[in-house]
Amino acid sequence: MSHPLRLGIAGLGTVGVGVVKIIRQQTALLKARTGREIIITAVSARTKDCDRGVPLNSYAWEDNPVALATRDDVDIFVELMGGADGPAKIATEAAIAAGKHVITANKAMLAMHGHPLALAAEAKGVSLRYEAAVAGGIPVIKTLTEGLAGNEITRIMGVMNGSCNYILTRMEDSGLSYQEIFAEADGLGYLEADPQLDVGGIDAAHKLAILSSIAFGTKVDFDGIVIEGIERVSIEDINAAADMGYKIKLLGVTQMTGRGLEQRMQPCLVPASSPLGQLQGGTNMIVIEGDSIEQVVLRGPGAGMGPTASAVMGDVCDIARGFQLPVFGQPAKTLTSATPAKSTRPAPYYLRMGLVDKPGALAKIATVLGEAGISIDRMRQYGHADTSAPVLIVTHKISSAAIDIALEAMERTGVLASAPVALRIEEG
Ligand code: HSE
């Protein structure tokens, strides 16, 4: 039997403690499945003397994660500190240089530095694994790099931030405003220390950037993502979208088009009856479309101790079995530079506006849309008691540029009682 596989874990927050627990509780199962004993030799965290609910005193302690990463008795450096730069990156680079395998849950680091880190790991012949970085417990990296390796991927879309999906579905259920539900989620500890990472769409965009690289053989290009958070999603839009048969989701979409790589993370409408439309609470969902498979839908917990530690352990088991893959599914030196698409694929749009209630107001809006080349698919005007008439329009497929032109022209009509809202509708 092979010698034990020795882990050094840097970062003893929720995920780090979860990994310690699985290794302690599932010792026999892990050995049976991998043929090796999996042990922890050393750990590191910012503070040493605090009760984390698991015994740690049988492991060596290192204050400095770089010292941990380069110890002779560590085969895998497990980086669970977080942060795109700073100690996480320095220690990861040191581990690779010292010939250690690395497992990380750090989506920000991979989104910013994924390609150079992959080049370094592959040059050294070590693994750099990151299943836990994208969609928590959902094995989406494995699905893309292994199970779907024979497919040309045509599109990936999904809900990749549980906190945002929690906020949006709580707004739907309660009828409360974004501000009220944001405060509730924050109070429950559902948001990152910097909530902007969640509600600003940045955390989810980090994950999308990683998936794009695997799907399309391109270097990770976080800067090429069009990002818009959920802060401007109002309860009025959630209710109006529901009336028209849609749900609003913070949706990540990546697809290779004739105009380049289109990567977007923005609030979109999806059909209420679709798998994405039915996704509730903090759950994540990734929809992968490929030429042979057509569509695969993965759904599961996107965060939390058990799910994220489970993803880390999947990577540990692969390394224990001696299984090694290029970091992004093909050798890093063959990844191409993505050309970001300058415009998005045409899509139907949802428009909501308040019109002054006088003859010809709606006709003026219809004229503006017609002049911008926008065809109306469905329209609804609601009954109202005051002088502002709420109007909803669903358009046929149109470019975002045409929508921008129409929104500008609407401002000049003099019939708007409130600023119009436009949201893309993502079908499928
Ligand atoms: N705040 C993140 C989420 C955690 O809600 O999905 C995992 O990145």
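To keep things clear, this report deals only with the structure shown in the data block. (Residues numbered from 1 in each chain as written. Predicted model: local features only at pLDDT ≥ 70, side-chain atom pairs only at ≥ 80, totals over all residues. Heavy atoms only, no water.)

## Examining the nonpolar core
Note the cut-off: We call a set of buried Ala, Val, Leu, Ile, Met, Phe, Trp, Tyr and Cys residues a nonpolar core when their side-chain atoms join them within 4.5 Å. Buried means the residue's accessible area, taken with a 1.4 Å probe over protein chains only, is under 20% of the maximum for its type, while exposed means over 50%, and partly exposed covers the values in between. Contacts are assigned to residue pairs that have any heavy atoms within 4.5 Å of one another.
Tyr-130, Val-140, Ile-167, Leu-211, Ile-230, Ile-288 and Phe-328 are the most contacted members of the largest nonpolar core, which totals 80 residues. What Tyr-130 contacts, discounting residues up to four positions off in sequence, is Thr-104, Leu-110, Ile-141, Ile-210, Ile-214, Asp-315, Val-327 and Phe-328.

## Re the sheet that holds strand β5 (residues 101–104)
The strands making up a sheet associate through hydrogen bonds between their backbones, and the pairing can be parallel or antiparallel. Keep this limit in mind: One bridge is not enough; two strands pair if DSSP finds at least two bridges between them. Secondary structure elements follow DSSP: runs of H or I of four or more residues count as helices, runs of E of two or more count as strands, with numbering from the N terminus. Note on definitions: angles span 0 to 180 degrees between N-to-C directions of axes, and those axes are lines fitted to C-alpha atoms, for helices only across the stretch in contact.
Within the open sheet, the six strands sit side by side as β3-β2-β1-β4-β5-β6. Their pairing is parallel. Each having just a single partner strand, β3 (60–61) and β6 (128–129) make up the two edges of the open sheet. Of the strand pairs in this sheet, strand β1 (residues 5–10) and strand β4 (residues 76–79) are connected by four bridges, and their pairing is parallel. When the sheet's bridge partners are listed, Leu-7 is paired in β4 with Ile-76. Where helix α12 (residues 305–320) meets the sheet, its contacts fall on β1, β2 (38–44), β4, β5 and β6, and the angle it forms with β5 comes to roughly 165°.

## A look at the layout of surface pockets
The gaps of empty space that remain are located by a probe, the size of a water molecule, rolled over the atoms. Threshold: Residues are said to line a cavity or pocket when one of their atoms sits within 4 Å of a point; the points come from a 1 Å grid over protein atoms alone, cavities being sets where a 1.4 Å probe fits but cannot get out and pockets being open sets with protein on both sides within 12 Å along at least five of seven lines. Grid points are joined across faces, edges and corners, and a volume is the space filled by probe spheres set on the points. Following the grouping adopted for this structure description, the nonpolar residues are Ala, Val, Leu, Ile, Met, Phe, Trp, Tyr, Cys and Pro, the charged ones are Asp, Glu, Lys and Arg, and the polar ones are all others, Gly among them. Segmentation into domains, and thus their bounds, comes from an automatic or database assignment.
Roughly 350 Å³ of internal volume is contained in the second largest pocket. Taken together, 22 residues make up the lining of the second largest pocket; nearest its centre are Val-226, Gln-266, Thr-344, Tyr-349 and Ser-400. Examining the composition of the lining of the second largest pocket, we find that six residues originate from one element, strand β10 (residues 260–271), more than from any other. The residue makeup of the lining of the second largest pocket, split by class, is nine nonpolar, six polar and seven charged. Formed jointly, the lining of the second largest pocket draws a minimum of three residues from each of two domains, domain 2 (140–301) and domain 3 (349–425).

## Remarks on the pattern of salt bridges
What counts is decided by this rule: By convention in these notes, a salt bridge is any Lys or Arg side-chain nitrogen within 4 Å of a carboxyl oxygen on Asp or Glu.
Considering all chains together, one arrives at 23 salt bridges under this definition. Glu-262 serves as the salt-bridge partner of Arg-424, at 4.0 Å between the closest nitrogen and oxygen. Of this pair, Arg-424 sits in strand β16 (residues 416–425) while Glu-262 sits in strand β10, placing them 162 residues apart in sequence. This pair shows no difference in class: Arg-424 is buried, exactly as Glu-262 is. A single network of salt bridges, built from pairs that share partners, joins Arg-155, Arg-259, Glu-262, Arg-264, Glu-289, Arg-424 and Glu-426.

## Considerations on the environment of Ile-22
Along the chain, the position of Ile-22 falls in helix α1 (residues 14–25). For the pair formed by Ile-22 and Ser-58, sequence separation is 36 residues and the distance between their alpha carbons is 16 Å. Ile-22 has contacts with Thr-27, Leu-30, Ala-309, Ser-310 and Met-313, leaving out every residue within four places of it along the chain.

## Observations regarding the site of the ligand
Counted only if it meets this: Near residues are defined by distance, with any heavy atom within 4 Å of the molecule or strand qualifying the residue. Polar contact criterion, stated in full: a pair of N or O atoms within 3.5 Å, where within protein one must be able to donate a hydrogen and the other to accept it, and residues adjacent in sequence count only if both atoms are side-chain atoms. Residue exposure ignores everything except the shown protein chains as possible cover, and the areas themselves are Shrake-Rupley values with a 1.4 Å probe.
Surveying the vicinity of the ligand reveals the residues Lys-107, Asn-161, Gly-162, Ser-163, Glu-192, Asp-198, Asp-203, Lys-207, Gly-302 and Ala-303. Between Lys-107 and the ligand, the recorded distance is 2.7 Å, taken from a side-chain N or O atom to an oxygen atom. In this structure, Ser-163 approaches the ligand through a side-chain N or O atom, which is 2.7 Å from an oxygen atom. Within the complex, the protein chains bury 89% of what would otherwise be the 250 Å² of accessible surface of the ligand. Going through the elements one at a time, α7 (162–174) and α10 (202–216) are the ones with two or more residues in the shell around the ligand. Grouping the amino acids of the shell around the ligand by side-chain chemistry returns one nonpolar, four polar and five charged.

Function-wise, these values are silent; they only describe arrangement.
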